[in-house]
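Topology and contacts: notes
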Amino acid sequence: MCGIVGILGKQAVATDIVDALRRLEYRGYDSAGVATLEDGKLSRRRAEGKLKNLETVLSQRPLNGAIGIGHTRWATHGRPNEENAHPHATDKLAVVHNGIIENFRELREELIEKGRRFESQTDTEIVAHLVTVEMEAGKSPVEAVGAVLPRLRGAFALAFLFTGETDLLIGARRGPPLAVGHGDGEMYLGSDALALGPFTSRVTYLDEGDWAILTRHSVEFRDEKNRVVHRPTQIVTPSAFLVDKGNHRHFMAKEIHEQPEVVGHTLSTYLDPISGRVALPSTLPFDFRDLDRITITACGTAYYAGLIAKYWFEQFARLPVDIDVASEFRYREAPLPAKGLMIVVSQSGETADTLASLRYARQNGQHILSVVNVQTSTIARESHVVTPTIAGPEMGVASTKAFTCQLATLAALAIYAGRARGHLSETEERRLVDALMTVPGLMNEALKREHAIETLSRELSKARDVLYLGRGTNFPLALEGALKLKEISYIHAEGYAAGELKHGPIALIDEDMPVIVIAPRDGIFEKTASNMQEVAARAGRIIFIGEGGMAGEAGVHPMAEIAMPAMDPFVAPIVYAVPIQLIAYHTALFMGKDVDQPRNLAKSVTVE
Ligand code: M6R
């Protein structure tokens with residue numbers, strides 16, 4: 001994850017910016033940079049690699065400005081080199097950016113037609129040029145940023161510094177967090193309170209869609225409709241700096257809201273958005289063309305990610321997938337194909353049953369590919385190849401962002417396998433990659449349904465049992481929804497393939513039974529619609545999660561409807577995970593449960 005820092009100070013700020021960036025090192029990065037104004041003139045220094053390289057550059061060519069912005073970059077668009085490192089600049093401004101600008105390709109083409117030239121392969125540079133074009137047309141920096149922000153699609157945080165404006169910084173947030181730190185005649189911007197810790201304990205987080213105009217003595221917050229708004233300032237305690245929950249009450253909430261950012265980072269590790277191709281970060285020690293089938297093993301939420309991936313591998317690569325929970329797999333003495341592939345999925349990389357399954361497969365001559373979040377873990381170390389998830393530390397016991405990052409990684413792998421085996425054309429690969437690139441923005445949209453979800457969760461918190469239904473890749477998501485609700489609210493919940501309804505669970509349906517139906521617009525929506533009618537006919541209370549208006553199309557009147565944005569059905573299980581997680585979170589909250597530390601559960605299950 002990239003890190004952003006901005007300082008409106010009283011004396012030279014470059015050293016303080018680098019110190020603050022160091023506090024964001026935990027987010028991971030591969031290049032860094034700083035820009036400041038001296039006598040109103042913009043200068044920047046950038047370096048590939050770690051902050052010590054930037055410090056070397058700064059010691060050779062110091063920056064003395066008392067206002068500046070800095071950045072640690074986790075490469076998304078373009079290689080991690082100095083050219084692509086932030087800040088990006090024109091003669092009018094410098095900008096740093098975290099996240100992905102989804103529509104950067106069309107904006108870049110528009111700017112090239114206007115004669116703008118680019119120095120980097122990044123999506124960030126288009127923001128610098130768009131704002132510059134507005135300023136050249138006579139707008140002030142604030143007006144220019146205000147004009148450009150609505151044109152950007154995706155999930156991102158930005159910080160701007162302007163030539164000649166020695167008392168102005170602008171920050172904007174749509175997705176990744178951004179905080180303002182209030183000093184004494186000084187003002188700060190940072191990706192989180194941790195970065196701002198040494199400067200101030202008075203912190204205001206930007207709300208989703210907000211942007212902020214900072215001077216040394218003032219800050220004005222505006223919402224996405226450009227209305228001036230008030231945002232509360234919090235006093236952040238020193239201990240909170242160590243385990244920062246941002247402006248969220250719980251880690252689980254923070255982690256749900258982080259998903260546009262971390263899924264974006266995970267996707268950028270595997271996709272090249274310019275070519276529209278999957279580009280794996282490491283060479284695989286096997287060839288997908290040589291495989292007859294894949295074995296996947298995992299536990300809990302990671303197992304459900306594997307179940308969704310089964311659909312993708314079978315559809316895109318025509319590779320049969322044998323999948324089992326690790327506690328069963330390790331004892332069932334499964335016959336494994338010679339030189340076959342086992343994919344192991346685990347957030348912690350320490351889960352005992354998953355590790356034992358890995359060892360069994362290794363002893364039986366399998367190639368081991370692991371999808372893990374903790375790259376120093378035992379599972380990562382004992383694998384032949386690791387395709388990491390870039391979720392960052394997950395503190396909540398209920399897995400949320402690790403799950404969607406696992407899905408992002410597995411989706412990229414399935415597309416890669418499909419191409420390698422000749423079952424996907426270049427055009428199909430590009431369509432799927434483009435669909436994946438829309439996920440962070442769509443997740444951000446999904447997060448906006450939180451208020452509606454909160455309202456419905458109040459009702460749900462009174463239920464004794466809840467049923468989740470889905471078809472295709474949304475069947476495993478139904479299982480995941482039920483697990484999430486069970487583990488943090490302790491309400492009994494079951495996930496079912498919607499087509500299985502009439503083979504048993506329909507007997508449970510009555511006016512007391514909420515039935516959550518996950519039904520994006522896809523080729524089998526009509527089948528799910530019939531299942532909903534079966535539930536409605538028995539007075540079951542339907543909670544419909546699907547594209548706006550589709551419950552009506554299906555001829556049912558749900559008790560509640562979570563209207564999702566339109567999307568390629570391929571990415572639906574990744575995006576629809578967001579409302580599923582929010583339902584569990586808010587229901588548990590209404591019931592007064594400890595969502596981050598549910599009873600009887602541990603984050604990492606290192607025993608059988
Ligand atoms: O660390 P792992 O991904 O291997 O953990 C697997 C499960 O223990 C984990 O997903 C568990 O089911 C979570 N509590 C689900 O929210």
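Residues numbered from 1 in each chain as written. Predicted model: local features only at pLDDT ≥ 70, side-chain atom pairs only at ≥ 80, totals over all residues. Heavy atoms only, no water.

**Comments concerning the overall build of the protein**
Assigned secondary structure in the protein consists of 22 helices and 27 strands. Scaling as 2.2 N^0.38, a compact globule of 608 residues should have a C-alpha radius of gyration of about 25 Å, and the protein matches this with 25 Å. Across its three principal directions, the C-alpha atoms of the protein cover 75 × 55 × 50 Å. When burial is assessed residue by residue, the protein has 61% of its 608 residues classed as buried. Of the contacts formed within the protein by residues at least 6 apart in sequence, a portion of 71% connects residues at least 24 apart. Here the protein has roughly 22700 Å² of accessible surface; of this, 48% comes from carbon and sulfur atoms. Each charge class in the protein can be summarised by its mean position, and for the 65 positive and 76 negative side chains these summaries are 1 Å apart. (Helix = DSSP H or I, 4+ residues; strand = E, 2+ residues; numbered from the N terminus. Rg over C-alpha atoms; globule rule 2.2 N^0.38 Å. Buried < 20%, exposed > 50% of the residue type's maximum accessible area, 1.4 Å probe, protein only. Contact = heavy atoms within 4.5 Å. Areas by Shrake-Rupley, 256 points an atom, 1.4 Å probe, with all protein chains shown as cover. Lys, Arg positive; Asp, Glu negative; His and termini not counted. Charge placed at Lys NZ, Arg CZ, Asp CG, Glu CD.)

**Regarding the domain arrangement of the protein**
Domain parsing of the protein yields domain 1 (3–241), domain 2 (244–437) and domain 3 (447–608). The straight-line distance from the C-alpha centre of domain 1 to that of domain 3 is 39 Å. (Domains from an automatic or database assignment.)

**Structural notes on the environment of Ser 140**
Considering the arrangement of structural elements, one finds Ser 140 in the loop between α4 (124–136) and α5 (141–148). Under the relative-accessibility criterion, Ser 140 is labelled partly exposed at 29%. C-alpha of Ser 140 to C-alpha of His 451: the two residues are 311 residues apart in sequence and 36 Å apart in space.

**Details of empty space enclosed by the protein**
Following the criterion strictly, the structure yields two cavities of 30 Å³ or more and no others. Space inside the largest cavity adds up to approximately 40 Å³. Contributing to the lining of the largest cavity are Arg 471, Asn 474, Ile 518, Ala 519, Pro 520, Asp 522, Ile 524, Phe 525 and Thr 528. Within the lining of the largest cavity, the residues separate by chemical class into five nonpolar, two polar and two charged. Its volume calculated, the second largest cavity comes out at about 30 Å³. (1 Å grid on protein atoms, 1.4 Å probe; cavity = no way out; pocket = protein on both sides within 12 Å on 5 of 7 lines; lining within 4 Å. Points joined across faces, edges and corners; volume = space filled by probe spheres on them. Nonpolar A, V, L, I, M, F, W, Y, C, P; charged D, E, K, R; others polar.)

**Description of helix α22 (residues 577–590)**
Counted at 1.5 Å a residue, the expected span for α22 with its 14 residues is 20 Å, and the 20 Å between its end C-alpha atoms agrees. The complete set of buried residues in α22 reads Ala 577, Val 578, Pro 579, Ile 580, Gln 581, Leu 582, Ile 583, Ala 584, Tyr 585, His 586, Thr 587 and Ala 588. With its phi angle positive at about 75 degrees, Gly 592 sits one or two positions after the end of α22. (Expected span 1.5 Å × (residues − 1).)

**Some points on the packing of aromatic side chains**
Taken as a whole and judged by the stated rule, the model has 10 aromatic pairs. Ring plane angle 65 degrees and centroid distance 6.1 Å describe the contact between Phe 288 and Tyr 416, whose orientation is recorded as edge-to-face. One end of the pair, Phe 288, is in the loop between β17 (277–278) and β18 (294–298); the other, Tyr 416, is in helix α14 (residues 401–420), and 128 residues separate them in sequence. Centroid distance Phe 525 to Phe 544: 6.4 Å. Interplanar angle 80 degrees. Geometry classified as edge-to-face. On the criterion of sequence distance, the pair formed by Phe 525 in helix α19 (residues 525–537) and Phe 544 in strand β26 (residues 541–547) is long-range, its members being 19 residues apart. Members of the aromatic cluster, connected to one another through ring pairs, are Phe 286, Phe 288, Phe 313 and Tyr 416. Residue placement shows Arg 108 over the ring face of Phe 118; its charged tip is 4.7 Å from the ring centre. Over the ring of Tyr 490 we find Arg 599; its NZ or CZ atom is 3.8 Å from the centre of that ring. (Phe/Tyr/Trp six-rings, centres within 6.5 Å; stacked < 30°, edge-to-face > 60°. Lys NZ or Arg CZ within 6 Å of the ring centre and 35° of its normal.)

**Notes on the nonpolar core**
Judged by nonpolar contacts, the single largest core of 99 residues is most densely connected at Phe 288, Trp 312, Phe 313, Ile 343, Leu 410, Tyr 468 and Phe 570. Shared between two domains, this core holds at least three residues of each, these being domain 2 (244–437) and domain 3 (447–608). If near-sequence neighbours (up to four positions away) are discounted, Tyr 468 is found in contact with Ala 478, Gly 481, Ala 482, Leu 485, Ala 493, Glu 494, Gly 495, Tyr 496, Ile 516, Ile 580 and Ile 583. The next biggest cluster of nonpolar side chains, apart from the first, holds 28 residues, and it includes Val 95, Leu 107, Leu 168 and Ala 172. (Core = buried A, V, L, I, M, F, W, Y, C linked by side-chain atoms within 4.5 Å.)

**Thoughts on the site of the ligand**
Close to the ligand lie 13 residues, the nearest being Ser 346, Gln 347, Ser 348, Thr 351 and Glu 487. In this structure, an oxygen atom belonging to the ligand sits 2.6 Å away from a main-chain N or O atom of Gln 347. Between Ser 399 and the ligand, the recorded distance is 2.8 Å, taken from a backbone N or O atom to an oxygen atom. Coverage of the ligand by the protein chains reaches 91% of its 410 Å² of free accessible surface. If you list the elements that add at least two residues to the shell around the ligand, you get α10 (300–317) and α18 (474–489). Here the shell around the ligand takes three residues from α10, the largest share from any one element. For the shell around the ligand, the class distribution of residues is four nonpolar, seven polar and two charged. (Near = heavy atom within 4 Å. Polar contact = N/O pair within 3.5 Å; in protein donor to acceptor, adjacent residues only side chain to side chain.)

**Observations regarding α10**
Across its 18 residues, α10 extends 25 Å between first and last C-alpha, which sits within 8% of the 26 Å expected from 1.5 Å per residue. Of all 18 residues in α10, 13 are buried, a share of seventy percent or more. Positioned one or two residues after α10, Arg 318 has a phi angle of 50 degrees, which is positive.

**Thoughts on the sheet that holds strand β3 (residues 41–48)**
On the basis of which strands lie adjacent, the open sheet formed by eight strands has the order β3-β2-β4-β1-β10-β9-β11-β15 and antiparallel pairing. Of all the strands in the sheet, just β3 and β15 (234–235) have a single pairing partner and so form its edges. Where strand β2 (residues 31–38) and strand β4 (residues 67–73) come together, six bridges link them in antiparallel fashion. Paired with Ala 32 across the two strands is Thr 72, which belongs to β4. Relative to β3, helix α2 (residues 51–60) is tilted by about 135 degrees, and along the sheet it contacts β2, β3 and β4. (Pairing = 2+ DSSP bridges. Axes fitted to C-alpha atoms, helices over the stretch in contact; angles between N-to-C directions.)

**Digging into unusual backbone geometry**
In the segment running from His 86 into Pro 87, the intervening peptide bond is cis, with an omega of 0 degrees. You can see Pro 87 is positioned in the loop between β4 and β5 (88–89). Although it is not a glycine, Arg 318 adopts a positive phi angle of roughly 50 degrees. Summarising the element assignment, Arg 318 is placed in the loop between α10 and β19 (321–325). Overall, the relative accessible area of 53% leaves Arg 318 in the exposed class.

**Overview of the sheet that holds β18**
Strands sit in the order β19-β18-β20-β21-β22 across an open sheet of five strands; the sheet is parallel. Of all the strands in the sheet, the pair left with one neighbour each is β19 and β22 (385–386). Both strand β20 (residues 341–346) and strand β21 (residues 367–372) contribute to a ladder of six bridges, which runs parallel. Bridge pairing links Met 342 to Ile 368 in β21. Docked against the sheet, α10 engages β18, β19 and β20, running at close to 170 degrees with respect to β19. Its contacts with the sheet put α14 on β20 and β21, and the angle it makes with β21 is roughly 140 degrees.

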